[in-house]
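Below are the chains, spelled out letter by letter.
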Amino acid sequence: MHLGDHAVVLGAGMAGLVHAVPLAERFERVTLVERDSLPDRAEPRTGVPQGQHIHLLVPGGLTRLEELLPAVADDLSGRGAHLIGAPEWRFHMGGGRLDLRGTDFRITGATRPLIEHVVRARVLAPGGVEVLDGWAARELLTTSDRSRVTGVRLRSEADPTEERALAADLVVDTTGRGSRSPRWLADLGYLPPAEERLKVDVHYTTRLFRRSPRDLDGSRNVLVDVPPAGRRGGVALAVEEGRWLVTLIGMLGERPPADLTGFTEYASGLWNGDIHDVVSGGTPVGDAVRAAFPSFSRHRYDRLRRLPERYLVAGDAVCSFDPRFGQGMTVAIIEALEMRRVLDEHGLDRIGPRVLSSARWAVQDAWDLAAGGDLAHPEVEGPRPLSWRLTTAYLERLLPVAHRDPLVGAALIRVIGMLDRPQRLMRPQLLRRVLAGSRRNGSRTPASGSAVRSPA
Ligand SMILES: Cc1cc2nc3c(=O)[nH]c(=O)nc-3n(C[C@H](O)[C@H](O)[C@H](O)COP(=O)(O)OP(=O)(O)OC[C@H]3O[C@@H](n4cnc5c(N)ncnc54)[C@H](O)[C@@H]3O)c2cc1C
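Summarised in this report is the structure supplied together with it. (Residues numbered from 1 in each chain as written. Predicted model: local features only at pLDDT ≥ 70, side-chain atom pairs only at ≥ 80, totals over all residues. Heavy atoms only, no water.)

Side note on helix α1 (residues 14-24)
The element α1 is extensively covered by neighbouring structure, given that 10 of its 11 residues are classed as buried. All of the buried residues along α1 are M14, A15, G16, L17, V18, H19, A20, V21, P22 and L23. (Buried < 20%, exposed > 50% of the residue type's maximum accessible area, 1.4 Å probe, protein only. Helix = DSSP H or I, 4+ residues; strand = E, 2+ residues; numbered from the N terminus.)

Written as structure tokens, this is what we have:
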């Protein structure tokens with residue numbers, strides 16, 4: 001299907017890359033405009049500061065990425081990424097370890113720079129996508145009545161006096177959480193999207209360590225969740241070049257230290273010892289990196305009555321999630337798949353509102369999962385409707401059962417991993433199993449830092 005001559009995607013992060021794929025099949029050419037100068041190798045870059053912290057593709061993300069880029073998992077493992085099957089994950093949630101025996105989901109064990117590097121190579125390989133790096137999007141160009149976007153004005157990063165206009169049949173904004181779309185819309189006389197914010201004051205400190213295949217009896221992924229009464233958690237992931245990537249998490253102002261001694265001590269304070277086992281006695285590689293996230297926010301473009309034609313916003317520019325559950329890249333991939341479907345059904349007519357509406361479920365599920373978990377902490381401010389309270393109570397029953405029943409563990413992981421929608425946890429067969437299991441157990445465990453809310 002041919003939809004036009006030129007599509008422009010702003011921002012060559014993960015959302016930009018995955019959106020370029022379906023566009024390249026439907027437009028004569030696609031330009032990926034990127035403010036950074038993109039490296040030839042898999043290395044961190046300024047425009048993606050989060051890229052030095054844990055970044056994994058959950059099962060629903062990896063599976064869907066393969067729908068866009070067949071066999072990309074092989075490319076990743078060919079470059080040294082691990083593909084880690086669920087039975088060897090050590091997921092410590094709700095006071096115990098999830099039983100994931102017999103389940104066959106996979107996640108990636110790789111640094112974000114490697115994932116992005118491999119995906120970028122695949123996106124560029126067929127030749128329909130061109131990268132224009134070192135240029136920043138400054139403003140949208142429109143028809144004189146401002147009803148339709150016709151391109152974008154760019155400014156050179158090397159020489160800020162140099163500007164150029166790029167004409168386009170479609171512009172997709174994937175410039176991340178700092179996106180200027182709200183301002184661009186306001187400047188054009190449109191209402192900007194309302195913003196929902198969740199203040200969590202999360203701090204991340206990340207270090208790399210040498211990894212021996214014997215560490216943790218060969219397990220390559222550990223998650224220690226932040227319990228509702230606590231503020232500390234962490235993730236350890238086997239990544240390329242024989243290393244562990246370890247991110248320690250502090251909520252509500254708690255800051256994991258960067259120096260090795262402080263980092264190790266902090267790890268020893270987690271309620272499960274696996275991450276401390278990785279860190280203590282491990283050989284560090286390089287220095288620690290830190291990041292702070294005062295809040296996460298969702299821009300409600302999906303609720304706007306008016307958006308200009310030929311214009312779409314996606315990825316973190318729409319919603320940035322508490323990264324503890326690693327959903328951001330997966331949501332961006334789902335958005336790209338929804339865009340592909342909408343383009344084939346409706347062409348470019350009302351492309352923005354149509355895609356935002358058809359991808360709303362993914363943003364909502366991920367937001368509910370992450371925000372629901374954050375709200376389990378009494379200090380986090382936000383609405384706790386009846387649906388949230390019921391789901392949290394249900395999870396308090398489900399988690400202890402998931403510690404010893406692989407069917408329940410797998411059901412939970414399918415939801416956290418975005419293979420299933422949250423309501424699958426409420427299906428009668430599972431409900432019966434959870435209730436019977438928790439009666440046998442006779443006790444309830446405080447829900448972990450996660451909560452899966454039933455759809456409103
Ligand atoms: C600490 C942390 C850990 C995370 N861990 C995970 C994880 O484990 N799994 C997961 O799926 N997600 C994770 N995420 C989320 C993930 O990083 C994002 O959701 C995902 O990268 C999609 O983002 P994006 O492409 O929309 O934005 P970004 O990745 O931020 O990319 C935006 C791009 O736009 C460019 N840009 C910005 N402004 C302009 C401009 N004006 N003109 C041109 N280019 C511009 C930037 O340079 C950048 O390249 C994590 C996030 C954080 C903060």
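Some remarks on the sheet that holds strand β14 (residues 232-239)
Read from one edge of the open sheet, seven strands run β5-β4-β13-β14-β15-β12-β16, paired in mixed fashion. The open sheet is flanked by β5 (96-97) and β16 (284-299), the only strands paired with a single partner. Relative to β16, strand β12 (residues 195-210) runs antiparallel, the two sharing 12 bridges. Of the residues in β16, the one forming a bridge with E195 is H299. Those strands touched by helix α10 (residues 360-374) are β12 and β16, and its axis lies near 110° from that of β16. (Pairing = 2+ DSSP bridges. Contact = heavy atoms within 4.5 Å. Axes fitted to C-alpha atoms, helices over the stretch in contact; angles between N-to-C directions.)

Some words on the packing of aromatic side chains
Following the criterion strictly, the structure yields four aromatic pairs and no others. Look at W89 and F91: their rings are 5.2 Å apart centre to centre, the planes differ by 35°, and that puts the pair in the tilted class. Given a relative accessible area of 2%, W89 falls into the buried group. A relative accessible area of 12% places F91 in the buried class. Between F209 and F263 the ring centres are 6.1 Å apart and the planes differ by 35°, which places this aromatic pair in the tilted class. Taken together, the residues F209 in strand β12 and F263 in helix α6 (residues 260-268) connect sequence positions 54 residues apart. Judged by its relative accessible area of 0%, F209 is buried. Relative accessible area serves as the criterion here: at 0%, F263 is assigned to the buried category. Taken together through their ring pairs, the aromatic side chains of Y204, F293 and F296 make up a single cluster. (Phe/Tyr/Trp six-rings, centres within 6.5 Å; stacked < 30°, edge-to-face > 60°.)

Distances and angles like these do not, on their own, reveal function.
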